[in-house]
Amino acid sequence: QGSLQACSSLRELGAFGRAREVKVDPDKPLEGARLAALQAGKTLLVPTPRLRTGLFNRIVPPPGATKEVLRRCATSQGVRDHSVPVGLDGKAQVDLVVVGSVAVSEKGWRIGKGEGYADMEYAMMVSMGAVQEDTPVVTIVHDCQVLDIAEELLEDHDLTVDYILTPTRTIQTNCKRPKPQGIMWHKASGSSEMLGKIPILRTLRCREKQAGKDVTLQDEHPALANASRASGKKVMSANPQPRAAPASAPVGQPQVESDPVNPKAEGPDTITTVCVWNLPGSLRVSELKSALRELQVVPARLSWQGARHRALLGYRDPGAAGRAVSSLQGLSLGGSALRAELAKSQRSKGQAAMG
């Protein structure tokens, strides 16, 4: 009941009234905030749980949705049933951010659950241009969660809030502490483990490196990083040698290998093939290999088919193949957004197994 009272105060905020696109965390206590956004006709974005399958879901109620249907759409089940995914290229323009908190001070300093997802989601929104410096951030809590917080507990990547809504109060913090300006890779403790869990984070890191940004992780020991790069190069160099490009190919055109990866080459079911489409003609195979290393999805084999604007990647671990599809889908290389999918034979096998 208290959370519903606090969430109802959201409608009274001028920032909410002006907003067209609202991002609200998927937590149960914020269900009322999601409902308020839907009832007001706002575009509602909800982060995917623990960012496992992407960044956001855009909630799309069915045409002519009644109040009861909108209530269902605001629940966690409704988010799953009535949403479409939004990735890094989703052109989101968030006007208001609503997050939960474990504790918050009247100065706008916030403490979350300790896993850093709200901070990371905001930093990713900054990187994709979905929020601006003046985009308001609101947290909705119980009155007992409004506490004094020592500034020494805060770090540069911690998200601050502009408004605090409780069942009895609306607090404008006038917080002067800057919000995160993007992901601070060098300060992100445990980032290597996080990259392994979140494919979209690997994709963002690869993009930022291509843009010339420093994406060195705090827990990347130089010796280990060099060993990892050397290992990646060794695996790549073991790929079959591509055949010479046709005589008509322009100078600098990547070499072409016409034979696809054969899933049966090393025995039945030992290779899972991922097809990568929409490779630009100017792209070199070395650039794709570099991206695969950065995304930590190095294949056992790579078949480069530049003339067909595609490459085939062979993985011995089906799970690695799935991570490759998630990481490469929509990745921009050479100015083109890649399309990645399991090879038709693998999709057929998966469907047969499910049947």
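Heads up: the structure comes first, above all this text.
Residues numbered from 1 in each chain as written. Predicted model: local features only at pLDDT ≥ 70, side-chain atom pairs only at ≥ 80, totals over all residues. Heavy atoms only, no water.

Peer 1: Explanation requested: the overall build of the protein in the structure shown.
Peer 2: On a plain count of helices and strands, the protein comes out with 12 helices and 16 strands. Burial status across the protein gives 46% buried among its 355 residues. For the protein, the share of sequence-separated contacts (at least 6 apart) that also reach a separation of at least 24 residues comes to 67%. Entry remark: accessible area of the protein is about 17,800 Å², with carbon and sulfur atoms responsible for 51%. (Helix = DSSP H or I, 4+ residues; strand = E, 2+ residues; numbered from the N terminus. Buried < 20%, exposed > 50% of the residue type's maximum accessible area, 1.4 Å probe, protein only. Contact = heavy atoms within 4.5 Å. Areas by Shrake-Rupley, 256 points an atom, 1.4 Å probe, with all protein chains shown as cover.)

Peer 1: Help me out: how do you make sense of helix α8 (residues 199-210) in this one?
Peer 2: Each full turn of the α-helix corresponds to 3.6 residues, which orients residues three or four apart in the same direction. Compared with an ideal rise of 1.5 Å per residue, which puts 12 residues at 16 Å, α8 spans 17 Å between its outermost C-alpha atoms and is within 8% of the ideal. In terms of residue burial, α8 counts as a mostly covered element, since 10 of its 12 residues are buried. Pro199, Ile200, Leu201, Arg202, Thr203, Leu204, Arg205, Cys206, Arg207 and Glu208 are the residues of α8 that are buried. Immediately downstream of α8, the backbone of Gly212 shows phi near 90°, a positive value. (Expected span 1.5 Å × (residues − 1).)

Peer 1: Please clarify how the environment of Arg34 should be interpreted in this entry.
Peer 2: Following the sequence through the fold, Arg34 ends up in helix α3 (residues 31-39). Given the relative accessible area of 1%, Arg34 is considered buried. Separated by 27 residues in sequence, Arg34 and Cys7 have C-alpha atoms that sit 8.8 Å apart. With residues up to four places along the chain from it excluded, the contact list for Arg34 reads Val24, Asp25, Pro26, Asp27, Leu44, Val46, Ala74 and Thr75. In this structure the side chain of Arg34 is engaged in a polar contact, spanning 2.9 Å, whose partner is the backbone oxygen of Asp27. (Polar contact = N/O pair within 3.5 Å; in protein donor to acceptor, adjacent residues only side chain to side chain.)

Peer 1: How should I be thinking about the sheet that holds strand β12 (residues 301-305) in this particular structure?
Peer 2: By way of backbone hydrogen bonds, the strands of a sheet pair with one another, either parallel or antiparallel. Pairing is antiparallel in the open sheet, where four strands are placed in the order β12-β13-β11-β16. The sheet is open, and its two edges are formed by β12 and β16 (339-342), each paired on a single side. The sheet shows a mean angle of 20° between the axes of neighbouring strands, direction not considered. Pairing of strand β11 (residues 272-277) with β16, which is carried by four bridges, proceeds in the antiparallel orientation. In the strand pairing of β16, Val274 is matched with Leu342. (Pairing = 2+ DSSP bridges. Axes fitted to C-alpha atoms, helices over the stretch in contact; angles between N-to-C directions.)

Peer 1: What am I meant to see in the packing of helix α6 (residues 117-127) against α8 here?
Peer 2: The angle between the axes and the distance between the axes are what describe a pair of packed helices. Packing of α6 against α8 leaves a shortest axis separation of 12 Å and a crossing angle of 40°. What the angle tells us is that α6 and α8 run oblique. Two packed elements cross with a definite hand, and for α6 against α8 that hand is left-handed. For the pair formed by α6 and α8, the contact residues are Met120, Met124 and Ser127 on the first element and Ile200, Leu201, Leu204 and Glu208 on the second. Broken down by class, the residue content of the contact of α6 with α8 amounts to five nonpolar, one polar and one charged. (Parallel < 35°, antiparallel > 145°, perpendicular 65-115°, else oblique. Left-handed = near helix turned anticlockwise from the far one by under 90°. Nonpolar A, V, L, I, M, F, W, Y, C, P; charged D, E, K, R; others polar.)

Peer 1: Explain the sheet that holds strand β5 (residues 96-99) here, please?
Peer 2: If you walk across this open sheet you meet the eight strands as β4-β3-β2-β1-β5-β8-β9-β10, and the pairing is mixed. Edge positions in the sheet fall to β4 (83-86) and β10 (170-172), since each has one partner strand and no second. Averaged over all adjacent pairs, the angle separating strand axes in this sheet is 25°, with direction ignored. Of the strand pairs in this sheet, strand β8 (residues 137-140) and strand β9 (residues 163-165) are connected by three bridges, and their pairing is parallel. Its bridge partner being in β9, Ile140 is matched across the sheet by Leu165. Running over the sheet, α3 touches β1 (21-24), β2 (43-47), β3 (56-59), β5 and β8 and is turned about 150° from β2.

Peer 1: What's the story with the packing of α8 against helix α11 (residues 318-328) in this structure? I'm lost.
Peer 2: One can describe the packing of α8 onto α11 by two numbers: an axis separation of 8 Å at closest approach and a directional angle of 50°. The angle between the axes of α8 and α11 places the two elements in the oblique class. For the pair α8 and α11, the crossing hand works out as right-handed. Contacts between α8 and α11 involve Pro199, Arg202 and Thr203 on the former and, on the latter, Arg323, Ser326 and Ser327.

Peer 1: Looking at this structure, how should I read helix α10 (residues 285-294)?
Peer 2: Within α10, burial applies to Leu288, Ala291, Leu292 and Glu294. Across the axial projection of α10, the buried residues extend over an arc of 160°, all falling on one side. Once α10 ends, the next one or two residues include Gln296, with phi positive near 60°. (Arc of directions from axis to C-beta.)

Peer 1: Sorry, what's going on with the environment of Val137 here?
Peer 2: Topologically, Val137 is positioned in strand β8. Taking the C-alpha atoms as reference points, Val137 and Tyr163, separated by 26 residues in sequence, lie 6.6 Å from one another. The contact partners of Val137, leaving out residues within four places of it in the chain, are Val97, Val99, Tyr122, Leu159, Thr160, Val161, Asp162, Tyr163 and Lys179.

Peer 1: Whenever I open this one, the pattern of salt bridges confuses me. Can you help?
Peer 2: Per the stated rule, a full pass over the model turns up 10 salt bridges. Residue Glu121 pairs with Lys23 through a salt bridge whose shortest N-O separation is 3.2 Å. Of this pair, Glu121 sits in helix α6 while Lys23 sits in strand β1, and the two are 98 residues apart along the sequence. Across the pair, Lys23 and Glu121 agree in class, each one buried. The partner of Lys179 in a salt bridge is Asp162, with the nearest N and O atoms 3.0 Å apart. Here Lys179, found in the loop between β10 and α7 (191-197), pairs with Asp162, found in the loop between β8 and β9; they are 17 residues apart in sequence, far enough to count as distant. As far as burial versus exposure is concerned, Lys179 and Asp162 are alike and both buried. (Salt bridge = Lys/Arg side-chain N within 4 Å of Asp/Glu carboxyl O.)

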